[in-house]
Amino acid sequence: MTRMKAAAAVSGLVLALAGCGSDDGGVDVAVEDNPEFEAGSRMAELSEAGEITIGVKYDQPGIGYLEPGADEPSGFDIEMGKIVAAQLGIAPEDITWEETVSDNREPFLQNGTVDLVLASYSITDERRGVVGQAGPYYVTGQQLLVREEDKEKITGPDDLDGVKVCSVTGSTSIKTVTEEYGADPVPFDTYSDCVTQLQNGSVDAVTTDGAILLGYAAQAPDELEVVGEPFSEERYGIGFNKDNTEMCEFLNDAIQESYDDGSWAEAFEATLGESGVETPEPPQVDEGCQAS
């Protein structure tokens, strides 16, 4: 991923951040009229209430991002949240978006702060032992963001031994670079904080999914660059309270339907696709939502 590519993506990302999630951008969801669910199920409760709270990121351009002055966040996760809510008969205006950082996703689901989590939430067996995770609905890979002057020195994960690397607390990304590549971890609550640390010289690299890093590189193309090829596979899933086992089939079916009716592709093109990335084939949905 070169600085030239990041610079070329600037205009597209700006459009994505400005338009996605608004009336003139994103997915024009078709809200189900009086959907039927088994009495007493969590889906029935949410549908009858006519509202839902979804945990999302606020600091990931193209994925989940709250632009200064905006009323609600935008990004691919937000559009997928609208698609799922519509299957419950809940309109976009009846969704409450709760900022959710990497370290509080499980607690928020367990204590009922949110009903669902769509927050670049990579599926792992460890997490599926604590909460339910449906999907995946998107697959990406971990990369590195470095300062322009360090792009020859840090070209990939093999150059991270003893290097100060920032990612968010509780993320799989910081665990990978620490345990597998010997990085000196510097965790922060948000990726924006990590990028600030990179720019002021407190850390030497930021790591997370490539799609997220491209957004930050595009915001400062003369300072920052995404380097190297992806060195992990991150499978984004929808988190839910593990006690609500009936949610598993519903969410997997909702994701599959978004593939079939084209709304998934529309959501991608209105958000991540605005950076110039081609719309990929959607990933195959897992048969279950719990740890095997």
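None of the values given here were measured: they were computed from a predicted structure. (Residues numbered from 1 in each chain as written. Predicted model: local features only at pLDDT ≥ 70, side-chain atom pairs only at ≥ 80, totals over all residues. Heavy atoms only, no water.)

Asker: Explain helix 9 (residues 247-260) to me, please; I cannot follow it from the model alone.
Answerer: Three or four residues apart is the spacing at which side chains of an α-helix point the same way, because the helix has 3.6 residues per turn. For helix 9, built from 14 residues, the straight-helix expectation of 20 Å at 1.5 Å per residue is met to within 8% by its first-to-last C-alpha distance of 20 Å. All of the buried residues along helix 9 are M247, C248, F250, L251, N252, A254, I255, S258 and Y259. Of the surrounding elements, those touching the buried residues of helix 9 are helix 2 (42-49), helix 3 (76-87), strand 5 (116-117), strand 6 (132-140), strand 12 (234-240) and helix 10 (263-270). Looking one or two residues beyond helix 9, the residue adopting positive phi is G262, at roughly 90 degrees. (Helix = DSSP H or I, 4+ residues; strand = E, 2+ residues; numbered from the N terminus. Expected span 1.5 Å × (residues − 1). Buried < 20%, exposed > 50% of the residue type's maximum accessible area, 1.4 Å probe, protein only. Contact = heavy atoms within 4.5 Å.)

Asker: What should I look at first to understand the pairing of strand 1 (residues 52-56) in this one?
Answerer: Among the five residues of strand 1, five are classified as buried, and the element is accordingly described as predominantly covered. Bridge count between strand 1 and strand 4 (residues 95-99): five bridges; the pairing is parallel. Paired with V56 across the strands is E99, a residue of strand 4. For strand 1 and strand 5, the ladder comprises two bridges, and the chain directions are parallel. Opposite G55, over in strand 5, you have V117 as the bridge partner. (Pairing = 2+ DSSP bridges.)

Asker: What should I look at first to understand the sheet that holds strand 1 in this one?
Answerer: The strands making up a sheet associate through hydrogen bonds between their backbones, and the pairing can be parallel or antiparallel. Overall, mixed pairing links the five strands, which are arranged 4-1-5-12-6 in an open sheet. Each edge of the sheet is formed by a strand with only one pairing partner; in this case those strands are strand 4 and strand 6. As defined by bridge partners, strand 6 adjoins strand 12 across six bridges and the pair is classed as antiparallel. Paired with V139 across the strands is R235, a residue of strand 12. Each of strand 1, strand 4, strand 5, strand 6 and strand 12 is contacted by helix 3, which is oriented at about 145 degrees to strand 4, the strand it contacts most. (Axes fitted to C-alpha atoms, helices over the stretch in contact; angles between N-to-C directions.)

Asker: What's the story with the sheet that holds strand 7 (residues 142-147) in this structure? I'm lost.
Answerer: Read from one edge of the open sheet, five strands run 9-8-10-7-11, paired in mixed fashion. Across the chains shown, the open sheet's two edge strands, defined by having one partner strand only, are strand 9 (184-188) and strand 11 (224-227). Neighbour to neighbour, the strand axes of the sheet diverge by 30 degrees on average, direction disregarded. For strand 8 (residues 164-168) and strand 9, the ladder comprises five bridges, and the chain directions are parallel.

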